[in-house]
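Spelled out from the first residue to the last, the chains are:
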Amino acid sequence: MNEFQIKTITVPKQEWDKVMNTLEVLHDKISRLVTNDSKEFLTKKEVMNLLKIGRTTLDRYIEEGLLEEVKLGTGTRGYIKQSQIDDLMGKSKCS
């Protein structure tokens, strides 16, 4: 049988508010990254599907400067901003 012990700690309101604010900011940023309708960064595979192009063409677009690859964090995976795809396809977010 598993046993759990629960302890109560006291945190000053100012510190608690600071933690909650940080969590809200992180939640907003993560939500923008993962929601399909307003995703800020796309994987190369998603870009290829949207533009209906192959990997060689995508790599050429990046090499020629039509698209800019962005590295997030310390990983090696590259992403493309949704706004660049919109610009390339002649779309604006206002329409």
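No experiment lies behind these values; they were computed from the predicted model shown.

As for unusual backbone geometry
Moving on, step 1. Here the phi dihedral of Lys52 falls at roughly 55 degrees; this positive angle occurs in a residue that is not glycine.
Moving on, step 2. You can see Lys52 is positioned in the loop between helix 2 (44-51) and helix 3 (55-64).
Moving on, step 3. Given the relative accessible area of 73%, Lys52 is considered exposed.

Observations regarding the confidence of the model for the protein
Moving on, step 1. Averaged over every residue, the pLDDT of the protein is 84; residues scoring 70 or more account for 86%.
Moving on, step 2. In the model of the protein, helix 1 (residues 13-34) stands out as the element of lowest mean pLDDT, 84, in contrast to helix 3, which has the highest, 95.

Some words on the packing of helix 2 against helix 3
Moving on, step 1. Interhelical geometry of helix 2 versus helix 3 gives an angle of 100 degrees and a closest axis separation of 10 Å. As judged from the angle between their axes, helix 2 and helix 3 are roughly perpendicular. Contacts between helix 2 and helix 3 involve Lys44, Val47, Met48 and Leu51 from the former and Arg55, Leu58, Asp59, Tyr61 and Ile62 from the latter.
Moving on, step 2. By residue class, the composition of the contact of helix 2 with helix 3 is six nonpolar, no polar and three charged.

With respect to helix 3
Moving on, step 1. Turning to helix 3, its buried residues number three or more, namely Leu58, Tyr61 and Ile62. Along helix 3, the residues classed as buried sweep out an arc of 95 degrees about the axis, all on the same side. The exposed residues of helix 3 that point more than 90 degrees off its buried face are Thr56, Glu63 and Glu64.
Moving on, step 2. Those residues of helix 3 that are buried are in contact with helix 2, strand 2 (69-71), strand 3 (78-81) and helix 4 (82-88).

What to know about a nonpolar patch on the surface
Moving on, step 1. Residues Val19, Leu23, Leu26 and Ile30 make up a contiguous nonpolar surface patch of about 360 Å² in total accessible area.
Moving on, step 2. Structurally, Val19 can be placed in helix 1.

Reading the values: the criteria
- Residues numbered from 1 in each chain as written.
- Predicted model: local features only at pLDDT ≥ 70, side-chain atom pairs only at ≥ 80, totals over all residues.
- Heavy atoms only, no water.
- Helix = DSSP H or I, 4+ residues; strand = E, 2+ residues; numbered from the N terminus.
- Buried < 20%, exposed > 50% of the residue type's maximum accessible area, 1.4 Å probe, protein only.
- pLDDT = per-residue confidence, 0-100.
- Axes fitted to C-alpha atoms, helices over the stretch in contact; angles between N-to-C directions.
- Parallel < 35°, antiparallel > 145°, perpendicular 65-115°, else oblique.
- Contact = heavy atoms within 4.5 Å.
- Nonpolar A, V, L, I, M, F, W, Y, C, P; charged D, E, K, R; others polar.
- Arc of directions from axis to C-beta.
- Patch = residues over 30% accessible without salt bridge, like charges linked within 9 Å, V, L, I, M, F, W, Y side chains within 5 Å.
- Areas by Shrake-Rupley, 256 points an atom, 1.4 Å probe, with all protein chains shown as cover.
- Salt bridge = Lys/Arg side-chain N within 4 Å of Asp/Glu carboxyl O.

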